[in-house]
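Architecture and fold: a report
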Amino acid sequence: MQIKINREVLLKPLNNVTGIVERRHTLPILSNLLVNIKQQEMHLTATDLEMQISLKVPTDIEGELSTTISAKKLLDICRSLPDGTSIEMVSQDNRITLKAGKSRFNLQTLPAADYPLMSKASGQNISFTISQAELKRLLKQVEFAMAQQDIRYYLNGLLMEVNGDQLHVVGTDGHRLSYTNTTLDQTFEKNEVILPRKTVLELTKLLDEQSESPVVIDLLNGQVSFEFGDIQLISKVIDGKFPDYNRVIPSGHQNTFEVNRQAILSALQRASILSNEKYRSIRMVITNGQLKLISTNTEQEEAEEELEILYDKTPLDIGFNVTYLIDVLNNLGDEQITFAFADANSSCLITAGSDANYKYVVMPMRI
Amino acid sequence: MPVLKTRRIAHIDMDAFFASCELSRYPELKGLPVVVGGRSSHAPRIREDGTHAFSRLRDYAGRGVLTTATYEARALGLHSAMPTMHAAKLAPDAILLPVNFELYRHYSRLFKEAIRSISPLVENIGIDEVYADVSMLPGEANEIAQQLKSAVFTATGLTCSVGIAPNKLLAKLCSEMQKPDGITVITLSDIPFRIWPMPAKKINGIGPKASAKLESLEIKTIGQIAAMSEAWLVQHFGNSYGRWLHRVSHGQDDRPVITESVPVSMSRETTFERNLHAVRDKPALSQAFTQLCERVASDLQQKGYTCRKIGIKLRFDDFKTVTRDLTLPAPISDAKSLRLFCGKCLKRIALDKKIRLLGVKASGLVPTDHSVHADAAQFTLDFTVDERGGPGKLDSVLSDILA
């Protein structure tokens, strides 16, 4: 059986699925892609047993093929071939030959029947739709606050909570929390899942921020599925209880000031050069009309930045991990940012001028 | 009485401990070859006349090893750590008893309390042996040894062997010289006659590898090591081990008796009755895995530690052993987290052979109260207190974190 496909047609879909293939895995077939060609359609599938991405390659194709091929090698071959090359595939027994121009590659394959496909769980809970651009925007706003390899495994992911017509999305590592929400066009009973970190990062990569086309999100039994464009992503969810984010979002912080995002971001980035490398601490000294950012490191070097602000409330001297502040400022599109405090031992609430839904809560450091 | 310039350290080692505990429970077995190492199914049955019916070694099938053999059984060639099936071939009629740790722990406590009643400076080194620093006790070494022995006998009805010497190294070597029920006292001047003729591998710290290397250099006894220069030993064994060999061969050891021990690691392992297949026996394997994690977790919690590092050990049917470990972002001590991270280690092992043994180990131990303050400078979001309407509060509860 002989199959022909253009390099450009294959390259982007290949890039999209291979992201989740683990480099080192004890099950050899997991480093392979499942390639299915029949009825003029080509489908690629990759999985790491926690999540699975399947997509339809947008082309008409003749022939039939069902096998698994090393994801990395296939991608590397396609990537390094010249533009416009037509690739010819011939599969025989447990090998496949790729011919392109004067190049020829003979690769091992493993049987498609052995590929550990994840099937979509039955017993649907909730299904709703949101545009690609909107979902990507929501995820981008909170994903940086997720924990990484935390022993509280339920923090190594992102909470998606549907409640009424609201979708709440929350990430936290226990020191800071990033929250946003959006309105859905339907109403649902309360339902929540924790998306694993890897799923969130992969999904954000796949979503097109320019596209208003819909993403169908199904919250299933122990699973969640996202379908958009030619892509279907199925992921297991983290089995655990996400902490009650409502409890840590303050609403009574009186000591507030507004500041230009770019101005304070640049000042923080400069000051961070001389902050303690391990603790990344920075001091915020807030007085009448003035915000001072002060950092020192173990070599007793010091940086100081001054910003003019409109402020006439209680003077404050409060410490933060500068990374937590830079993270949020980098991920907000707005120009005017509001900081709200109670005292030097309590959380700080950061909100954006134009997006009333977004809230970032960060705990201070003892200084 | 002259002021003691040198230390006086006693090493007290119970004689055939597990077997002796069993004998005090079943006195009718005295004088017979008895080994401990069976399963609960080998427990003695009570006959109608009230006497016990004991299992014999020939009744054993499995892959356990002997934990102890009485001196009568040792005369038949049996010794601890010998595979039980092998022992059964040598002495099929020897009495076989199941391991009863509960009983041994009970006697162990009595024994250690007895030693402490004589000298409070006691270092635990095992269930059946301790060091005691007896430098401050009045009297000759022999009298002290006699006191220790009789205190142990009064408390337990069991005998022990005592070695008294200027340090732990020599005390351990000499408690073995007159076993069972013996007393050995040596001083530094006795070293050439009594220590140097001993095989090098008798020293704790000269294991199979080092002794093989020593033998390849024609060195068999401690005296032969002592005859070599320190430079020669360093050249062949490296700086630290070479210097250590030089010191110990001359009977030098300044380690103190440590009364409060800080554990380095805690581990649990289990050998399966039959080799398990990674896929077909997944439920059994998974259950054993979870149980090991639960046991390690309860060890940690009981002793008041959390661990920063966990590891697993797998032995396959071909006896190949692999280990994988993982350093954790924060210390843990609960079974669920242990299981989660051990599961990650397991994913890094190719499971293409049947599994014979599974082990879980916690290391990088941190006392629980220390780990709480590890990251104290950064305040933590407190999800346990409602913030709405009020000012934020700093987190004081860390139990939530490990929940």
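Rules of the game
- Residues numbered from 1 in each chain as written.
- Chains lettered and ligands numbered in written order.
- Predicted model: local features only at pLDDT ≥ 70, side-chain atom pairs only at ≥ 80, totals over all residues.
- Heavy atoms only, no water.
- Helix = DSSP H or I, 4+ residues; strand = E, 2+ residues; numbered from the N terminus.
- Contact = heavy atoms within 4.5 Å.
- Polar contact = N/O pair within 3.5 Å; in protein donor to acceptor, adjacent residues only side chain to side chain.
- Pairing = 2+ DSSP bridges.
- Axes fitted to C-alpha atoms, helices over the stretch in contact; angles between N-to-C directions.
- Core = buried A, V, L, I, M, F, W, Y, C linked by side-chain atoms within 4.5 Å.
- Buried < 20%, exposed > 50% of the residue type's maximum accessible area, 1.4 Å probe, protein only.
- Domains from an automatic or database assignment.
- Salt bridge = Lys/Arg side-chain N within 4 Å of Asp/Glu carboxyl O.
- UniProt positions renumbered as here; feature names shortened; annotations may be inferred.
- pLDDT = per-residue confidence, 0-100.
- Left-handed = near helix turned anticlockwise from the far one by under 90°.
- Nonpolar A, V, L, I, M, F, W, Y, C, P; charged D, E, K, R; others polar.
- Phe/Tyr/Trp six-rings, centres within 6.5 Å; stacked < 30°, edge-to-face > 60°.

**Some remarks on the environment of A:Arg7**
Residues and elements named next belong to chain A.
- Tracing the backbone shows arginine 7 in helix 1 (residues 7-18).
- Counting along the chain gives 75 residues from arginine 7 to proline 82, while the straight-line C-alpha distance between them is 8.4 Å.
- Look past the residues within four positions of arginine 7 in its chain and what remains in contact with it is Cys78, Arg79, Leu81, Pro82, Asp83, Thr85 and Ile87.
- A distance of 3.1 Å separates the side chain of arginine 7 from the backbone oxygen of arginine 79, its partner in a polar contact.

**Regarding the sheet that holds strand 15 (residues 355-367) of chain B**
Residue and element names in this part refer to chain B.
- Taken in spatial order, the 4 strands line up as 12-15-13-14 in an open sheet, and their pairing is antiparallel. Two strands bound the open sheet, and with one partner strand each, they are strand 12 (265-276) and strand 14 (321-332). In this sheet, adjacent strand axes meet at a mean angle of 15 degrees when their direction is disregarded.
- Note: strand 13 (residues 305-316) against strand 14, 8 bridges, orientation antiparallel. Within strand 14, the residue paired with arginine 315 across the bridge is threonine 321.
- Running over the sheet, helix 12 (residues 282-303) touches strand 12, strand 13, strand 14 and strand 15 and is turned about 160 degrees from strand 12.

**Section: the nonpolar core**
- In terms of nonpolar packing, the biggest core is built from 62 residues, with A:Met42, A:Phe128, A:Ile217 and A:Phe226 touching the most fellow members.
- In this structure, this core is formed jointly by two domains, domain 1 (2-114) and domain 2 (126-247) of chain A, each of which donates at least three residues.

**Some remarks on the pattern of salt bridges**
Residue and element names in this part refer to chain A.
- Using the criterion set out here, one finds 36 salt bridges over all chains in the structure.
- Notably, a salt bridge pairs lysine 120 with glutamate 227, separated by 2.9 Å at the nearest N-O pair. A residue pair is termed long-range when its members are at least 10 positions apart, and lysine 120 in the loop between strand 8 (103-111) and strand 9 (126-131) and glutamate 227 in strand 13 (residues 223-228) qualify at 107 residues.
- Look at lysine 120 and you get partly exposed, because its relative accessible area is 33%.
- Its salt-bridge partner being aspartate 355, residue arginine 137 comes within 3.5 Å of it at the nearest N-O pair.

**What to know about the UniProt feature "binding site: Mg(2+)" (unreviewed entry) in chain B**
Residues and elements named next belong to chain B.
- Under the UniProt annotation, the feature "binding site: Mg(2+)" (unreviewed entry) is placed at Asp13 and Asp128. Despite a sequence span of 116 residues, these residues sit close together in the fold, their greatest C-alpha distance being 6.0 Å.
- Contact partners of aspartate 13, with chain neighbours within four places excluded, come to Asp128, Glu129, Cys160, Ser161, Ser175 and Lys179.
- Position of aspartate 128 relative to the elements: it lies in the loop between strand 8 (122-124) and strand 9 (129-133).
- If we skip the residues at most four places from it in the chain, aspartate 128 touches Ile12, Asp13, Met14, Phe17 and Phe111.

**Brief notes about the confidence of the model for chain B**
All names here are of chain B.
- Averaged over every residue, the pLDDT of chain B is 84; residues scoring 70 or more account for 92%.
- Put simply, helix 14 (residues 368-371) is where chain B has its lowest mean pLDDT, 60, and strand 13 is where it has its highest, 92.
- Confidence metrics for the complex model read pTM 0.59 and ipTM 0.84.

**Things to note about the packing of helix 1 of chain A against helix 2 (residues 71-80) of chain A**
Residue and element names in this part refer to chain A.
- The contact between helix 1 and helix 2 brings their axes to 10 Å, and the two run at 145 degrees. Crossing of helix 1 over helix 2 shows left-handed handedness. Residues Arg7, Leu10, Leu11, Leu14, Asn15 and Thr18 of helix 1 touch helix 2, and the partners they reach there are Ala71, Leu74, Leu75, Cys78 and Arg79.

**Side note on the packing of helix 5 (residues 261-272) of chain A against helix 6 (residues 322-331) of chain A**
All names here are of chain A.
- Packing of helix 5 against helix 6 brings their axes to within 10 Å, and their N-to-C directions diverge by 145 degrees. In this structure, the crossing between helix 5 and helix 6 has a hand that is left-handed. Packed against helix 5, whose contacting residues are Arg261, Ile264, Leu265, Leu268, Gln269 and Ser272, the element helix 6 presents Val322, Leu325, Ile326, Leu329 and Asn330 at the interface.
- In the contact of helix 5 with helix 6, the residues fall into 7 nonpolar, 3 polar and 1 charged.

**Considering the packing of aromatic side chains**
All names here are of chain A.
- Under the counting rule described, the total for this entry stands at 17 aromatic pairs over all chains.
- Summarising the aromatic geometry, the rings of phenylalanine 144 and tyrosine 360 are spaced 5.8 Å apart at their centres and angled 40 degrees between planes, so their arrangement reads as tilted. Placement of the pair is phenylalanine 144 in the loop between helix 3 (132-142) and strand 10 (157-172) and tyrosine 360 in strand 22 (residues 359-362), with a sequence separation of 216 residues.
- For phenylalanine 144, a relative accessible area of 16% puts it in the buried group.
- Tyrosine 360 sits in the buried class, given a relative accessible area of 0%.
- Arranged with centres 5.3 Å apart and planes meeting at 10 degrees, the rings of phenylalanine 257 and phenylalanine 339 form a pair that is stacked. Within this pair, whereas phenylalanine 257 is found in strand 15 (residues 255-260), its partner phenylalanine 339 is found in strand 20 (residues 336-341), the two being separated by 82 residues in sequence.
- Relative accessible area serves as the criterion here: at 2%, phenylalanine 257 is assigned to the buried category.

**Regarding the sheet that holds strand 9 of chain A**
All names here are of chain A.
- Reading across from one edge, 1-6-7-8-5-2-3-4-14-13-12-9 is the order of the 12 strands in this open sheet, with antiparallel pairing throughout. Of all strands in the sheet, those bounded by a partner on one side alone are strand 1 (2-6) and strand 9. The sheet shows a mean angle of 25 degrees between the axes of neighbouring strands, taken without regard to direction.
- The sheet contact formed by strand 7 (residues 95-100) and strand 8 spans 6 bridges and is antiparallel. Its bridge partner being in strand 8, lysine 99 is matched across the sheet by arginine 104.
- Along the sheet, helix 2 makes contact with strand 2 (32-38), strand 5 (65-70), strand 6 (86-92), strand 7 and strand 8, crossing strand 5 at roughly 90 degrees.

**Brief notes about the UniProt feature "active site" (unreviewed entry) in chain B**
Residue and element names in this part refer to chain B.
- Residues annotated in UniProt with the feature "active site" (unreviewed entry) correspond here to Glu129.
- On the secondary structure map, glutamate 129 appears in strand 9.
- Aside from chain neighbours lying at most four places away, what touches glutamate 129 is His11, Ile12, Asp13, Phe111, Lys112, Asn124 and Lys172.

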